[in-house]
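In case you want the letters, here they are:
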Amino acid sequence: MLDWSPPQESEEISHPFVAAVYDTVVPDRLLFRPHRRYLTADLSGRVLDVGAGTGANFPYLAGADVASHAIEPDPHMRRQAAEKAREVGCDVTLRDARAESLPYDDDSVDVVLASLVFCTIADPDRALEEVARVLRPGGELRFLEHIRADGWRERGQELLNPLWSRAAGGCQLTRDTVERFVCHDAFAVEDLERVGVGIFPATPIVRGTLRRRHEGLHS
């Protein structure tokens, strides 16, 4: 059964046009099917999808023997995600919450999924701290994110970013997301690779797995 929590007091994140066109503009299954399978392979325990969007991971979570949870602060995206969960039979607890303030206890999640979401989070450093907080020691952060390019592509991203951000629901082209991930003291790198998908300016795209260290947490 789908558990869709009601919206909270504030609906500050609201991009109805982006939500309406996202699945059409981004042919997710054509571009990202193998990478979403990577994110969702061999899962166990409690899984948290941080920033579910329109529910792109839900078809891959459907039928998995896990406790599936997801957050999405945009009500338009969240509505579509709830519909997709019903369509594909994904039993998920979908909440109105932000990555910067996850409604989960310390050490209570086994795997966090982050797919094309850290580009839009207002405070990515705080969100990563929250991911580290809720993951149990030994738990995994599995991610698929686009990052800042280099050379002429980087300069192009810097020029395009102000317009792109307004048109794409706050998405930032110039974030060093993977550097932020791998340099965080709470995580050890298990896997990291650049994948050959995506279209400029939202490239390159990197996927990987980090494991939460047992020491030096919550200090």
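Look up: the structure comes first, before these words.
As the structure is a prediction and not an experimental result, all values here were calculated from the model.

**Quick notes on the layout of surface pockets**
Roughly 1,200 Å³ of volume is contained in the largest pocket. Surrounding the largest pocket, 48 residues form its lining, Tyr 22, Leu 116, Thr 120, Ala 168 and Cys 171 being those nearest its centre. Every element with two or more residues in the lining of the largest pocket is listed here: helix 1 (16–25), helix 2 (28–40), strand 2 (46–50) and helix 6 (151–167). Per element, the largest residue contribution to the lining of the largest pocket is four residues, and it comes from helix 1. Considering only residue class, the lining of the largest pocket consists of 30 nonpolar, 11 polar and seven charged.

**Points about the environment of Ala 167**
Mapping Ala 167 onto the fold places it in helix 6. Taking C-alpha positions, Ala 167 is 30 Å from Leu 61, a pair spaced 106 residues apart along the chain.

**Observations concerning the environment of Leu 210**
Inspection of the secondary structure puts Leu 210 in strand 8 (residues 205–212). What makes Leu 210 buried here is its relative accessible area of 0%. Along the sequence, Leu 210 and Ser 101 sit 109 residues apart, while their C-alpha atoms lie 20 Å from each other. Setting aside its immediate chain neighbours within four residues, Leu 210 contacts Gly 139, Glu 140, Leu 141, Phe 143, Phe 181, Val 182, Phe 187, Ala 188, Val 189 and Glu 190.

**Observations concerning the pairing of strand 6 (residues 135–146)**
Within strand 6, 10 of the 12 residues are buried, which leaves the element mostly enclosed by the surrounding structure. Where strand 5 (residues 109–115) lies against strand 6, six bridges are found, and the strand directions are parallel. By the bridge assignment, Ser 115 is partnered in strand 6 with Leu 144. The parallel pair strand 5 and strand 6 is bridged by helix 5 (residues 124–134), and the resulting crossover is right-handed.

**Description of the nonpolar core**
In this structure, Leu 48, Ile 71, Val 112, Phe 118, Leu 141 and Phe 187 are the most contacted members of the largest nonpolar core, which totals 28 residues. Elements represented by at least two residues in this core include exactly strand 2, strand 5, helix 5, strand 6, helix 7 (177–182) and strand 8. Top contributing element to this core by residue count: helix 5, with five residues. For Leu 141, the residues in contact, after removing those within four places along its chain, are Val 112, Ala 114, Leu 128, Val 131, Leu 135, Phe 181, Phe 187, Gly 208, Thr 209 and Leu 210.

About the criteria used
- By convention here, each chain's residues receive numbers from 1 onward along its written sequence.
- Totals for whole chains, interfaces and linings use all residues, but because this is a predicted model, local features are given only for residues with pLDDT of at least 70 and pairs of side-chain atoms are given and counted only at 80 or more.
- The side-chain figures draw on all heavy atoms in the structure; neither hydrogens nor water molecules are used.
- Think of a 1 Å grid over just the protein atoms. A cavity is a set of points where a 1.4 Å probe fits yet cannot get out, a pocket is an open set with protein on both sides within 12 Å along at least five of seven lines, and lining residues have an atom within 4 Å of a point.
- Grid points are joined across faces, edges and corners, and a volume is the space filled by probe spheres set on the points.
- By definition, any uninterrupted DSSP run of H or I lasting at least four residues is a helix, any uninterrupted run of E lasting at least two residues is a strand, and each is numbered from the N terminus.
- Charged residues are taken to be Asp, Glu, Lys and Arg, nonpolar residues to be Ala, Val, Leu, Ile, Met, Phe, Trp, Tyr, Cys and Pro, and polar residues to be all remaining types, Gly included.
- For each residue, the accessible area found with a 1.4 Å probe, counting protein chains only, is set against the maximum for its type, and the residue is called buried under 20%, exposed over 50%, and partly exposed in between.
- When checking whether two residues touch, look at their non-hydrogen atoms; a contact exists if any pair is within 4.5 Å.
- At least two DSSP bridges between two strands are needed for those strands to be called paired.
- Here is how to tell: hold the view so the strands point away, follow the path from the first strand over the helix to the second, and if it runs clockwise the crossover is right-handed.
- Residue types Ala, Val, Leu, Ile, Met, Phe, Trp, Tyr and Cys, when buried and joined through side-chain atoms within 4.5 Å, form a set referred to as a nonpolar core.

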